[in-house]
Structure formats: structure tokens, C-alpha cells
Amino acid sequence: MKKIVAIVVAVLFALGMASMAFAGYEKCDKCHKGEKSIDAHIKAKDIKTGDDMVKAVRTSPKAALHKNLTDDDLKATVAK
Ligand code: HEC
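Residues numbered from 1 in each chain as written. Predicted model: local features only at pLDDT ≥ 70, side-chain atom pairs only at ≥ 80, totals over all residues.

A. Geometry of the overall build of the protein. Each helix and strand counted, the protein has four helices and zero strands in total. For the protein, the α and β elements follow one another from N to C terminus as α-α-α-α. Residue burial in the protein is summarised as follows: out of 80 residues, 11% are buried. When contacts within the protein are restricted to residue pairs at least 6 apart in sequence, long-range pairs at least 24 apart make up 50% of them. (Helix = DSSP H or I, 4+ residues; strand = E, 2+ residues; numbered from the N terminus. Buried ≥ 20, exposed ≤ 12 C-beta atoms within 10 Å, placed from the backbone. Contact = placed C-beta atoms within 7 Å.)

Structure (C-alpha cells):
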């Protein structure tokens, strides 16, 4: 029984680590670097939620550059 619990905990831990790695901005970083980083945009536009981010990007003059990104990709950058 203890063994099963240990395995379950280990699997959950591994999944947690994996999702943290994916929660990075890897989909944005190739274009958003330095002073144009996602963090800079989040601060400058006072983006607090995933919905704020979706709105900021979809209504931006640069929306076309983001059409390959799903709303979930955008939301993932603010989901904490
Ligand atoms: C193909 C390149 C590219 C990718 C990939 C990309 N962006 Fe952008 N994005 C740009 C460019 C270029 C701008 C305009 C310059 C700037 O302000 O950074 C921009 C602007 C923005 C803005 C500001 C909009 C405004 O009206 O000022 C936000 C917010 C943003 N991007 C979020 C994201 C997020 C979140 C991702 C990843 C999920 C992402 N972008 C991925 C190119 C890209």
C-alpha cells in the first residue's frame, strides 16, 4: 500500500514539473525578448487575467501575428 502511495505521489510530482516547464512563454519567446518580453507587456498593460491577455492581443494592431496562437496559449502566460 505504501508503495502505491509513493508511486502516485511520484507521478503527480513529475506531472507538476512537466506542466511548469510548459507554462513558460516558449510560444512567445521567439518574438518577445528583452524589453518586448511578455512580462514587460503584462506590466505595461496591467494584464491581470488570461482574459485580459486574450483581449490585449486580439484587439492589438499586431493581432495578425498572433493568429496561430490559441486563446489557451495566451491565457497560459498569465495563469498563476
Ligand atoms: C510571430 C511572432 C510573435 C509571437 C510568436 C508572439 N508575438 Fe506577441 N507580438 C509580436 C509583435 C511583433 C508585437 C508588437 C511589438 C511588441 O509590442 O512586442 C507583439 C505584441 C504583443 C502584445 C502587445 C499588444 C499591444 O497592443 O501592444 C502582447 C500582449 C503580446 N504580443 C502577447 C503575446 C503572447 C502572450 C504570445 C505567446 C502566447 C505572443 N505574443 C507571441 C509578435 C509575436
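B. Molecular detail of helix α3 (residues 50–58). When α3 is considered as a whole, its buried residues turn out to be Met53, Val54 and Val57. Buried positions in α3, seen along its axis, are confined to an arc of 100° and lie on one side of it. (Arc of directions from axis to C-beta.)

C. Fine view of unusual backbone geometry. Positive phi, close to 55°, is recorded for Asp46, a residue that is not glycine. Looking at the secondary structure, you find Asp46 in the loop between α2 (38–44) and α3.

D. Spotlight on the site of the ligand. Near the ligand you find 19 residues, and of these Cys28, Cys31, Lys36, His41 and Ser60 are the closest. Listed by contribution, the elements that provide at least two residues to the shell around the ligand are α2, α3 and α4 (71–76). Per-element accounting of the shell around the ligand gives the leading share, three residues, to α3. Broken down by class, the residue content of the shell around the ligand amounts to nine nonpolar, five polar and five charged. (Near = placed C-beta within 6 Å. Nonpolar A, V, L, I, M, F, W, Y, C, P; charged D, E, K, R; others polar.)

E. Just the nonpolar core, in detail. In this structure, Ile47, Met53, Val54, Val57 and Leu74 together form the largest nonpolar core, which totals five residues. When sequence neighbours within four positions are dropped, the list of residues in contact with Val57 reads Ala63, His66 and Leu74. (Core = buried A, V, L, I, M, F, W, Y, C linked by C-beta atoms within 7 Å.)

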